[in-house]
Structures are given as C-alpha cells and as structure tokens.
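Chain by chain, the residues:
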Amino acid sequence: MFKDVMEIAGVFTREYSKTPKLLKITDCFILYAVTLAALQYAYMCAFGSFPYNAFLGGFFCSVGFAILTVCFRMQIDPSQREGANKTGNLERVFADYCVACVFLFFIAISYVG
Amino acid sequence: MAGGKGKSSSGGRDHPVRAEPQHGSSKTSNQEKAQVTGNESQSGIASTIETVSLVLIAAVAFAIRLFSIVKYESVIHEFDPYFNYRVTQLASEKGVDAFWNFFDDRTWYPLGRVVGGTIYPGLTLTATWIHWFLKAALKLHPVEVKDVCVMIGPLFSSFTAISTYLMVRQIKGRGAGLLAASFVATIPSYISRSVAGSYDNESVAIFALTNTFYLYLKSIDTGSMFWGVAASLSYFYMVSSWGGYTFIINLIPIHALALLIIDKFNWKLYTGYSMFIVNGTVLAMVLPVIGFNAVETSEHFSGFFVLALMNGVALVKYLKRTLTREAYKKAFRLFVTTSVAVMGVVSLAVITFAMTSPTLRWSGRSLSLLDPTYASKYIPIIASVSEHQAPSWSSFVNDLRLAIILMASGIVSCFRPLTAGSLFLVIWGVLSVYFSAVMVRLMLVLAPAACCLAGIAMSDLLEVLCRSYHLAQPKPEDAGRKEDGQARRRGRRRNSGSSQQRGTIPRPLALLGISGAIFALSYHLFHCSFLGGEGYSSPSIILQSRTRDGGVYIFDDYREGYSWLRENTDYDAKVASWWDYGYQTTAMADRTVLVDNNTWNNTHIATVGRAMASPEESAWKQFRALDVDYVFVIFGGLVGYSSDDINKFLWMVRIGGGVYGDIKERDYIGEGYYRIDEKASPVMLNTLMYKLSYYRFAETVGRDGQDRVRNTKFGNPDVKLTYFREAFTSKHWMIRIYEVLEEPLLEQAH
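Numbers given for residues are sequential positions, taken from 1 along each chain in its written order. Throughout, the order in which chains and ligands are written sets their labels, letters from A for the former and numbers from 1 for the latter. Given that the model is predicted, a residue must reach a pLDDT of at least 70 before its local features are reported, and side-chain atom pairs must reach 80 or more before they are shown or counted; all residues, however, enter totals for whole chains, interfaces and linings. Just so you know, side-chain values use all the structure's heavy atoms and leave hydrogens and water out.

> Would you mind showing me how to read the overall build of chain B here?
In DSSP terms, a helix is any run of H or I states spanning at least four residues, a strand is any run of E spanning at least two, and both are numbered starting from the N terminus. Helix and strand content of chain B: 36 helices and 11 strands. Counting across all 750 residues of chain B, residues that qualify as buried make up 54%. Whether two residues are in contact is decided by their heavy atoms, any of which lying within 4.5 Å being enough. Here the contacts in chain B between residues at least 6 apart in sequence split such that 73% fall between residues at least 24 apart. Surface accessibility follows the Shrake-Rupley procedure with a 1.4 Å probe radius. Residue values consider only the protein chains on display as shielding. With an accessible surface of roughly 32,600 Å², chain B has 59% of that area assigned to carbon and sulfur atoms. With a 1.4 Å probe rolled over the protein chains alone, any residue whose accessible area is under 20% of its type maximum counts as buried; one over 50% counts as exposed, and the rest are partly exposed.

> Would you explain the interface of chain A and chain B in this entry?
Buried accessible area, meaning the area lost when the parts come together, often serves as the stated size of an interface. Counting residues at the interface gives 38 residues for chain A and 39 residues for chain B. Carbon and sulfur atoms make up 75% of the area that chain A and chain B hide from each other, which totals about 3,300 Å². Each reported salt bridge corresponds to a side-chain nitrogen of Lys or Arg within 4 Å of a carboxyl oxygen of Asp or Glu. For the pair chain A and chain B, the number of links is 0 salt bridges. The set of elements that each furnish at least two residues to the side of chain A that touches chain B consists of α1 (2–16), α3 (52–76) and α4 (90–112) of chain A. When residues in the side of chain A that touches chain B are grouped by element, the largest group, 13 residues, is from α3 of chain A. Each residue gets one label: Ala, Val, Leu, Ile, Met, Phe, Trp, Tyr, Cys and Pro are nonpolar, Asp, Glu, Lys and Arg are charged, and the others, such as Gly, are polar. Residue composition of the side of chain A that touches chain B, by class: 22 nonpolar, 7 polar and 9 charged. Buried area, as used here, totals the accessible surface that two parts lose on assembly, with accessibility defined by a 1.4 Å probe and the loss added over both.

> Hey, could you run me through helix α29 (residues 557–568) of chain B in this one?
Count 3.6 residues to each turn of an α-helix, and residues three or four apart come out pointing the same way. All names here are of chain B. Here α29 spans 16 Å end to end across 12 residues, near enough to the 16 Å set by a 1.5 Å rise per residue. For α29, the set of buried residues is D557, Y558, G561, Y562, W564 and L565. The buried residues of α29 occupy one face: seen down the axis, they fall within an arc of 150 degrees. Of the surrounding elements, those touching the buried residues of α29 are β4 (552–555), β5 (574–576), α30 (582–589), β7 (630–634), β10 (724–729) and β11 (735–740). Here the expected length of a helix is defined as 1.5 Å per residue gap, with one fewer gap than residues. Along the arc lie the directions from the helix axis toward the C-beta atoms.

> Quick question: what am I supposed to make of a nonpolar patch on the surface here?
Residues enter a patch when their relative accessible area is above 30% and they make no salt bridge; the linking distance is 9 Å between like charges and 5 Å between nonpolar side chains (Val, Leu, Ile, Met, Phe, Trp, Tyr). A contiguous nonpolar patch, built from I25, F29, Y32, L36 and L39 of chain A and spanning about 490 Å² of accessible area, is present on the exposed surface. Position of F29 of chain A relative to the elements: it lies in helix α2 (residues 21–47).

> For this particular structure, what's the right way to read the UniProt feature "transmembrane region" (unreviewed entry) in chain A?
The residues that UniProt annotates with the feature "transmembrane region" (unreviewed entry) are residues 22–44, 50–72 and 93–112 of chain A. Within residues 22–44 of chain A, the helical portion is 100% and the strand portion 0%, while the C-alpha atoms at the span's ends are 33 Å from each other. UniProt positions are given in the numbering used here, feature names are shortened, and annotations may be inferred rather than shown by experiment.

> Is there a simple way to think about the nonpolar core in this case?
Proteins that are soluble and globular tend to have nonpolar side chains buried together. All names here are of chain B. Residues F213, Y216, Y270, Y273, F276, W428 and M458 are the most contacted members of the largest nonpolar core, which totals 127 residues. Per-element accounting of this core gives the leading share, 15 residues, to helix α25 (residues 443–472). Excluding residues that lie within four positions of it along the chain, F276 makes contacts with T212, Y216, A231, S232, Y235, I248, I249, I252 and T281. For our purposes a nonpolar core is just a set of buried Ala, Val, Leu, Ile, Met, Phe, Trp, Tyr and Cys residues, chained together by side-chain atoms within 4.5 Å. Of all hydrophobic cores here, the second largest spans 92 residues; its members include Y85, V143, I605 and I646.

> Whenever I open this one, the environment of V709 of chain B confuses me. Can you help?
All names here are of chain B. Mapping V709 onto the fold places it in the loop between β8 (706–707) and β9 (712–713). Along the chain, V709 and S643 lie 66 residues apart, while their C-alpha atoms are 8.9 Å from each other. Dropping the residues within four chain positions of it, V709 is found in contact with G636, G637, G640, Y641, S642, D644 and N647.

> For this particular structure, what's the right way to read the pairing of β7 of chain B?
Along any regular strand the residues' side chains alternate between the sheet's two faces. All names here are of chain B. By the criterion of burial, β7 is predominantly enclosed, with 5 of the 5 residues buried. Side chains Y630, F632 and I634 project from β7 onto one buried face, and the interleaved V631 and V633 project onto a second face that is buried too. The criterion for strand pairing is that DSSP finds at least two bridges linking the strands in question. In terms of strand pairing, β5 meets β7 through 2 bridges, oriented parallel. In the strand pairing of β7, A576 is matched with V631.

> Whenever I open this one, a positive patch on the surface confuses me. Can you help?
All names here are of chain B. The grouping of K320, R325, K329 and R333 at the surface amounts to a positive patch. The leading source of residues in the positive patch is helix α18 (residues 325–356), at 3 residues. Among the secondary structure elements, K329 is positioned in helix α18. Relative accessible area serves as the criterion here: at 52%, K329 is assigned to the exposed category. A positive count includes Lys and Arg, and a negative count includes Asp and Glu. His and the chain ends are not counted in either. Taken as the charge centre is NZ of Lys, CZ of Arg, CG of Asp or CD of Glu, depending on the residue.

> How should the side chain of T160 of chain B be read in this particular structure?
Residues and elements named next belong to chain B. In this structure, T160 sits in helix α9 (residues 145–172). Under the rule applied, a polar contact is a pair of N or O atoms within 3.5 Å (in protein, one hydrogen donor and one hydrogen acceptor; residues adjacent in sequence only if both atoms are side-chain atoms). Engagement of the side chain of T160 in a polar contact is seen with the backbone oxygen of F156, the distance being 2.7 Å. T160 has contacts with V184, Y190, I206, F207 and T210, leaving out every residue within four places of it along the chain.

Written out as structure tokens, the structure is:
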C-alpha cells in the first residue's frame, strides 16, 4: 500500500512539473490558504473558540480565499479551456478575481473587531 | 389602466411571432445578426417591442396594485405592516443608529422587546432610504413616510417583473421571459401580499428572491466571479428582508447536488456555487437577527455539505486529468478502500454530534414545514396563525389560475433540453408546490416559480403555433405536400427543412390555437384584475359592504377605537388585548401593550389568553398584577364580522392551556361543539371574554336577539360587570374598550 502511494506521488510530481509557472504560483496560494484555515481550525479545537466572531472571520476568509483562488485557477488553466471559453482573457479574469477578493476581505474585516 | 393592461398583454403575446425564442441566452443580438444578415432591422424592431412591453408590464404590475388606494384610501394594511411602519418612522426621524439600538418599552409590558436585534431590517431600511432620497436628494418635501411605505409593495412588484424577465430570458429566451414577467406581474397570489399599503417583508422579499435566482443562474452560466459577488449581495438583501431566505439557501444546494449527480459539473458551476455559499454565509452573519445561526443551525448545513462534496469532485477531476491512467486507477482503488473506513467513522461522529448538540435542532417553523402535523401537535401558537394553515384547493386555483394549469407543461418543456437553468426551475417548482401545500403563506414562493414555468410553457406553445402559421403561409399546398413526402421517408433523411417542419400543425388549427391562447391569456388577466380589485385590496382595518341600493358602506370601527384610546387615556396606560391587535395598538393608539404580533414569548401570550379565559374576578386579579388599565375585545356579533375574538377564543384557551394547567379546552366546549348559546358550557358563559363581548348586548338586539356571526341566540343576556367598566364601544360595536377598576364596584351600586 505504501508502495502504491509512493508510486502515485511520483507520477503526480512528474506530471505536475509540466504545469505552467503561473498555475504553480496559484497553487502555492491555494495551499497557503488551506493550511491557514486548517491551522485556525486546529487552534479552535485545541484552545476553544472564544472570540468566535474573530475565528469565523479568519476561517471564512481563508476558506473563501482558497476557493476564490481555485476558481481563478480553473479559469486560467489552458488545459481546461474548451470551445467558447477560450475567448475569456486573463486580464478580465484577474480583475474579477481582485474584485471578489477585496469584497471578501472587506466583509471578513467586520468580524475581527 | 384598462388600456395599459391590454397593451402589455398584447406585447407579451406578440413577441414570439416576431423573434423566435432562442435557447441559451447569451447569444442575443450578436448571434441574430450573424445568423440572418437581412434581419437586422427586424431584430431592432423586436428588441424595441421587447423593451416597450417590459416597461408596460412593469407599469401594469404597479397599477394593478393600486385598487386598494382607489377603493379605500392610502392607508397601511392589516397587522404586521403597522409595526414596520412604526419602526420606519423611528428610523427616518432619529436615524439608522437609533433603529439598530431600538429597545421597545411600549410593548411586551413589562418585558419590552429588543427590536434592533430581532427584526429583519431590509424592508424598513429600504423605505427609510427611499424616503431620504426623495426628500433630501430630490427635495420633494410633501412626501411622507407613510406614502413611501404604502407604495413599496407596488414598486417592488415592478422590479420583480423585470428580474423575472431577466431570469427566464437567461434560461429559455426572450419570449418566455416576457410571458413569465407578465404572469408574475398579475398573479393574484402575489398581488395579495403586495397591494399598495401592504407594507410587509414579503413585498420586497419576492423581488430579492427572483433577483437572487437570476444572478445566481447568470453566475453559473457565465462562470464569472463578478456575477457570483452580485448574487451573494442580492442574497444578502433577501436575508435581511425575510425569514424565507432559508428556502434559497436550501434550494440552491439541492440544485447543485442534482447537477453533480447528473454529471454536469464544470468550472462555471463551481465558481458560481462556491462564491455564493461562502460570500452569502459571511454576509448573512453580519445581520444581528441571523448572527451565528448561519453556521450553527441545521437549515444552513446543506450548503456546506454540497460545497465540500463539490470540492471533492473538483479534486478528483483534477487528479484524473493530471495523473496517468494506471496511476489514477491505483489511486482510485486506494481512495475507495481508505475512504470507506474513514467515512464510516466520520459520519458516525457527525451523527452523534448532531443528535446531542442542542444548537443543531431545527427551529419550530422549519420542522412544521417538514412534518406538516408538527405544529398542531406541539406549538399552538404557530398553528393558530391563519397564514400557517394548509391552503384549500380552491385557493390554488384562484390564486394561480392559468399559471397552475400551465405549470406542469412548463416542467415538461424544461426537460427539452435540460440545462442547468431549466433544471433549477423544475426543482424550484416541485419543491415550492410541496411547501405551499403545507403552509398557505408559502404560496408566495410558489407563485413566481409557477409564473416562470407557465411563461415557458406558453411561449413554447405559441412558438409552435406561430411557426406552423408562418411556414404554411407562403405556399400552403406545397407545405402539405412536403409533409406527405416527409411522412413517407420518416427517419430517413434529416435536412434543415425537415427539422423545421417537424412539430408543425395545419394552418387553420394553428390559427385556432393562437386565438385560443390569446383568449386564455385575456381571460386570465381579467380574472387577476378582478381578484386584485375585489378580493385582495381590503386593508382589513377598514371594512366595506355593499348596501342594497348598490352603494358602499364603510365600517371604520378599528380606527375609531384606537383614536379613542389615543385621545382619552393616559400616555402610559397599559392596554391588554389578544396579540393580533398589539401592533395596531402601539402604532395607532400609541399605548403600551402586553403582547403583540411578534410572538417571541409564548408564556406571556399564554398569560393573556388565560386571563381572557378566566372568570371575571380572577381575570381582574391577573390583569391588575400586570398593571393593565384597559382591556379591549373585538366583537362582530352586531354586524356579522366573523374574525372577532369569540371566534378566536379557542386558540386563547389552547395557548393558555399549553402553559397553565388549570385551563382545559374541554371545559369550554358546550353540548357537542364550541357554542355560545344556552347550551354553551357554564365555564364559557362566565369567562371574561364572553362577558366583555356580550355586556349590554341584549339592550341593543333584545333578549331574544341573535349574534349575527354565530347565527344563534346568546347564552347569557344578563351580563353584569363588577371589576370592569365599559369605557367605549365603537359605532358598530366592533371594538369594545373596558377600564380595569381599581376597586370592585359594589353590587348594589351597579
């Protein structure tokens, strides 16, 4: 079983190294956000959820950011574009992404206080 | 008004003749131009007609709701709108901060009520801002808060018509959109909640509902994050205006789950859905009335569950694309074996957590939706509200009319072809049929769904009819020949001509069909405006009846009674009545009440119910203990006003009995059934409610006189009062106000 896992991981790293640089950077962001969410959740489990609104703000912010970045990645991934979707240009998608992120942070900040 | 109606409906009808409804909305004028170069001017005409008809439909939606002003006057209707009006007045006079911090000490005496944190603020803030805009920005000084409040319903109905048009255009093309908009503009079920003066949450919430659906469908159609943000903002407005938002937050996950199951997952769905859930949840929690409920109660969990599932699906799809085939197969096997074990443990943990945690319980209202018998078993206060009853069949037919008939065929045409949008309409329609059958109030959620489906069905029908008419037009005999030839070689040859020819019918039949459809639509419109004018325009604080010579007779007793209270009693006087009249008393009479229509404290309501159901002396003690100065009852016996307190009395007994053991419903039932004549139970004849209602009644109608609601004689003509004194009785005896005496009268003095 362990061998299988290693093999799959090997194949994955080999295939993954083919992805464009931009997508790799995006993936780093996703990983970062997911880790952040997991850390906050672990903290909540370990030490209690006392400032509950702050926890919710931070957690939803991380999760939301991860999901937004996944959306962004899906839209700029060239291997996933088929047919009519090819027309959407990078600038437009990035502008959308920025608007959505600013919006999310703007709401999340109201929970911090 | 009649002209407007005629024009708009003909606009809606005309449309499919000119421009064939297109499936898939994003291809609008661009594609038209590309397809038929010579048609450029025609499509220009079509879009002009479309705009004009939409404007006319919006105008009709506004105008058809003004009957109540024409027939009665510009006045706030019913019960809840009075409270909303009162809060709006406060917000526009003292500012929005005062609104959020509003603690109402003139209701629920002696407890008070935290209004700012328990109210859905959407409606009041909308009205406040509109008023502010008219007054400060446009300098229209004579505009009063009341006028704005009265007009909110019609105004937002116009908006609903427009957003319905946009939504259905998104799903099924322009013709269907226009027809759906014209249906929703005139559907009686929606008119009943949004006539001028019906200043209630629902009147803005239905606009928010359709608008949220439109923006959501747009975002999963285009995959744009911008539309996702817009959809969540619209959802935020919906959450802030009506508790019915739980319908949306459950419907959208169900739809997304259905799309996952039929394997229609793509990045657009992922973007639209996840944006909606995450942003929507974070936004909803900002509101004090929702707060942490948005992440803690079961009503909201389906959204997170589907979100997690969707992320899983996305991950699997990604791995499948990235890994080689053998590696993927291995990974899949590995995943299945481990996940079965892990999922077993996790789901067990989740279930035990859900069963034990107290915050995870479903709220009473939601439970009474899922199990229709729940409310009558456990919560009399929910069961007692008339709009929480199950509707009768006639109300489906009356309130939806043509829409309910066409709805079924609309569902069928949604399956050809099944897109994400049309699947959404199907699920919305089916679920809302169930919910509206449980609770009459939720007919309001069914109405727009029925209208969209009916619009689609009608547009499909007209499209077939008009196409048959068109194709047959140039050479009727040739077309007939072609059809014959086609019949011979059916299934053999498929060219563009045959695909156009399929599904056509002979020309005379098509003409007959078109005229039939036009007749049905006009008749529908006639019925709707009749019902809107006659059935749903009554403000219910002013009553009208027709006199024998055709004139109109007005009963204005409610306002008479309330103004008596306002003019003749101390400002700090406490007034007790059944909870139905609480909002009106605080708003119109400006006096402190014990209970009102915000039924947040069942025990307090039960206390009032118990006092009303007690004998006079014990009732006096209970009211004195609560500092009550005046008690009033609504009595319809003289003029035959059937929703009076004697008819509501059994609910007071039930609610009182639910908390206090000394009140038992069977004590109040006379021989065989609940009655007030000589055969009524002695307990009933001695209750405070009975005495206050029938005090001195014999002096007016005679000892053998009849109660004109119950159509019987009344059991005890010699009611004597020792602890209460009649203070005021309105012209038609509909509102009877009594003073609670400090010392009981001596029998002989009386």
